[in-house]
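# Coordinates in review
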Amino acid sequence: MNRVSVIGAGTMGNGIAHVFAQNGFSVNLVDVSKDQLNTAVATITKNLDRQVAKGTITQGAKEDTLKNITTHTSLEEGVKFAELVVEAATENIELKLNIFKNLDTHAPAGCILASNTSSISITKIASVTSRPGQVIGMHFMNPVPVMKLVEIINGYATTKEVTDAIVNLSKQLNKVPCIVNDYPGFIANRILMPMINEAIYSLYEGVASVEAIDTVMKLGMAHPMGPLQLADFIGLDVCLSILTVLHDGFGNPKYAPCPLLVNMVTAKKLGIKTGEGFYQYQSNSKELVVSPRFK
């Protein structure tokens, strides 16, 4: 397997394309927006430059990686020779189902169709294709070039051959694959999101400040990043989407999103991507500044 198509050139998509290309795969990066594709290639180039500066790769390896990436605005053109497609579009179920219907039409018959979804049912995604046995979850962690884990999610019909192929492929990318079954939130987000939600509830109920909550988890639990800072990093809209999937999927009130989270998403205070969430973010500044809303 050498020809990979990545659908979606956002943060996750460009990271996935980067990792495959750096490991010698021929990558077609597909997005409806040419501007987004240009931004993605610029981001990959910047991240490769950082690796060169640190001495983890050579200048030649950087150039080879970039040569392995071709961009497309046409899904049909971008996947017609693919052996694996990794979908990394926005975490929206209708969008993903539409993409997989199109992939089923245009990708070669033997092509494996993977989704980078962080919570949406692989079985549901597979149900809109004529090849459910070849559909699997391949959930990378952000930032993809740095994080080692790939959460591999078996849908109800995913074949063992496909699972084995994706496990072996993940190892080729120098990642650590972990196989889980297809239930809401899988494992990573089934455990992570209730923790983040509880941290937001603790702030909402006045139990502690933003700084106190994150400091307790960093110094007391050895987390590299506090849950509120992590929520900003993930995107508060993404956190809300995953919690909604958990709440709808299990029908358990313990997964109900905190009203503060709902209000912040409604107000478009989504974290790093909008410049403000629980913290404020300014370009070229690494200082962590709590949002005035929470001071």
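The rules behind each value
- Residues numbered from 1 in each chain as written.
- Predicted model: local features only at pLDDT ≥ 70, side-chain atom pairs only at ≥ 80, totals over all residues.
- Heavy atoms only, no water.
- 1 Å grid on protein atoms, 1.4 Å probe; cavity = no way out; pocket = protein on both sides within 12 Å on 5 of 7 lines; lining within 4 Å.
- Points joined across faces, edges and corners; volume = space filled by probe spheres on them.
- Nonpolar A, V, L, I, M, F, W, Y, C, P; charged D, E, K, R; others polar.
- Axes fitted to C-alpha atoms, helices over the stretch in contact; angles between N-to-C directions.
- Helix = DSSP H or I, 4+ residues; strand = E, 2+ residues; numbered from the N terminus.
- Parallel < 35°, antiparallel > 145°, perpendicular 65-115°, else oblique.
- Contact = heavy atoms within 4.5 Å.
- Salt bridge = Lys/Arg side-chain N within 4 Å of Asp/Glu carboxyl O.
- Buried < 20%, exposed > 50% of the residue type's maximum accessible area, 1.4 Å probe, protein only.
- UniProt positions renumbered as here; feature names shortened; annotations may be inferred.
- Polar contact = N/O pair within 3.5 Å; in protein donor to acceptor, adjacent residues only side chain to side chain.

## Some thoughts on the layout of surface pockets
As a volume, the second largest pocket reaches approximately 300 Å³. In terms of lining residues, the second largest pocket is bounded by 18 residues, among which Ser121, Thr123, Asp182, Tyr183 and Pro184 are the most central. A class-by-class count of the residues in the lining of the second largest pocket yields seven nonpolar, eight polar and three charged.

## Describing the packing of helix α9 (residues 210-221) against helix α10 (residues 227-234)
Look at α9 against α10: their axes get within 7 Å of each other, and the N-to-C directions meet at 100°. Taken together, α9 and α10 sit at an angle that is classed as roughly perpendicular. Facing Val210, Ile213, Asp214, Met217 and Lys218 of α9, the residues of α10 in contact are Pro227, Leu228 and Gln229. Broken down by class, the residue content of the contact of α9 with α10 amounts to five nonpolar, one polar and two charged.

## Describing the pattern of salt bridges
This model, assessed by the stated rule, comprises eight salt bridges. Note that arginine 131 and aspartate 104 form a salt bridge whose closest N and O atoms lie 2.9 Å from each other. You can see arginine 131 sitting in the loop between α6 (122-126) and β6 (135-140) and its partner aspartate 104 sitting in helix α5 (residues 93-106), a full 27 residues away along the chain. Judged by its relative accessible area of 17%, aspartate 104 is buried.

## Details of the UniProt feature "site: Important for catalytic activity" (unreviewed entry) in the protein
Cross-referencing UniProt, the feature "site: Important for catalytic activity" (unreviewed entry) maps to His139 in the present numbering. Relative to the helices and strands, histidine 139 is located in strand β6. Apart from residues lying up to four places away in sequence, histidine 139 is in contact with Ser115, Asn116, Thr117, Ser118, Leu149, Val150, Glu151, Ile153, Ala188 and Asn189. A distance of 2.8 Å separates polar atoms of two side chains, one belonging to histidine 139 and the other to glutamate 151.

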